[in-house]
Amino acid sequence: MASADMSGMDRELMWVDYPAGTRLSQSRASEGNRGLVLGDDNALVTHAELFPAANTIKVVAGASFAVGVVVCAVAVKAAPYIKSGLSGLRSKLNRTPQGTASEEAPVLDTTITLERIDGSPARTPTGPVRRSPGPSEDLTALADTAVSDGA
């Protein structure tokens, strides 16, 4: 799997094995390393062993692809459950706790029933029985009609 470049040199990707506690020799001509293994005192310890990396790269790439496929399949299968769980969590977070609404502001019953002195319901000038005023009606006008009906 060697390839020639513009300088006329063949290049090949390799795995390098050498003993722990040692280092590879630096090349003076380039930034590369040599196959010589040096100790702390710059003495030659041994030669590094070089192994072709093409098969290892293929195995790592294949395993990475397989893991990616499995992760994608799990994500596709789990997506509806995750979405459902998150929407349930969102609804729980938006919900007000029970009893909080009554503690903050009491709800008042605004139903008013006008009655005549004798207990019969008051009638409006048009005649139907009025049980409660509308939200925009003036209560004093309604009371005036009830008094005029009774008099």
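Residues numbered from 1 in each chain as written. Predicted model: local features only at pLDDT ≥ 70, side-chain atom pairs only at ≥ 80, totals over all residues. Heavy atoms only, no water.

Caption draft 1: Structural view of the overall build of the protein chain. Looking only at helices and strands, the protein chain features three helices and seven strands. Relative to its full complement of 151 residues, the protein chain shows a buried share of 10%. Within the protein chain, contacts between residues at least 6 apart in sequence are counted, and of these 31% link residues at least 24 apart. Accessible surface, the protein chain: about 12600 Å² in total, of which carbon and sulfur atoms supply 60%. (Helix = DSSP H or I, 4+ residues; strand = E, 2+ residues; numbered from the N terminus. Buried < 20%, exposed > 50% of the residue type's maximum accessible area, 1.4 Å probe, protein only. Contact = heavy atoms within 4.5 Å. Areas by Shrake-Rupley, 256 points an atom, 1.4 Å probe, with all protein chains shown as cover.)

Caption draft 2: Spotlight on the pairing of strand β4 (residues 23-26). With three bridges joining them, β4 and strand β5 (residues 33-38) adopt antiparallel strand pairing. For Gln-26, the partnering residue across the bridge sits in β5 and is Asn-33. The antiparallel pairing of β4 with β5 creates a hairpin that spans six residues between the two strands. (Pairing = 2+ DSSP bridges.)

Caption draft 3: Quick peek at a nonpolar patch on the surface. Taken together, the side chains of Met-14, Val-16, Tyr-18 and Leu-50 present a nonpolar region at the surface, about 330 Å² in accessible area. Along the chain, Met-14 falls in strand β3 (residues 14-17). Using a relative accessible area of 32% as the deciding quantity, one classes Met-14 as partly exposed. (Patch = residues over 30% accessible without salt bridge, like charges linked within 9 Å, V, L, I, M, F, W, Y side chains within 5 Å. Salt bridge = Lys/Arg side-chain N within 4 Å of Asp/Glu carboxyl O.)

Caption draft 4: Fine view of unusual backbone geometry. Residue Asn-42 is not a glycine yet carries a positive backbone phi of 60°. Its place among the elements puts Asn-42 in the loop between β5 and β6 (44-47).

Caption draft 5: Examining the side chain of Thr-22 more closely. For Thr-22, the location among the structural elements is in the loop between β3 and β4. Polar contacts involving the side chain of Thr-22 include one to the main-chain carbonyl oxygen of Pro-19, which spans 2.5 Å. When residues no more than four places from it in sequence are discounted, the contact partners of Thr-22 are Val-37, Leu-38 and Val-45. (Polar contact = N/O pair within 3.5 Å; in protein donor to acceptor, adjacent residues only side chain to side chain.)

Caption draft 6: Summary view of the confidence of the model for the protein chain. Averaged over every residue, the pLDDT of the protein chain is 76; residues scoring 70 or more account for 61%. Considering each helix and strand of the protein chain separately, the mean pLDDT is smallest for helix α2 (residues 100-104), with a value of 53, and largest for β6, with 90. (pLDDT = per-residue confidence, 0-100.)

Caption draft 7: Inspection of the sheet that holds β4 at higher detail. As summarised here, the arrangement of the three strands in space is β4-β5-β6, forming an open sheet in which the pairing is antiparallel. Looking along the sheet, the strands with just one partner apiece sit at the ends: β4 and β6. Each neighbouring strand pair of the sheet contributes to a mean axis angle of 50°, computed without reference to strand direction. (Axes fitted to C-alpha atoms, helices over the stretch in contact; angles between N-to-C directions.)

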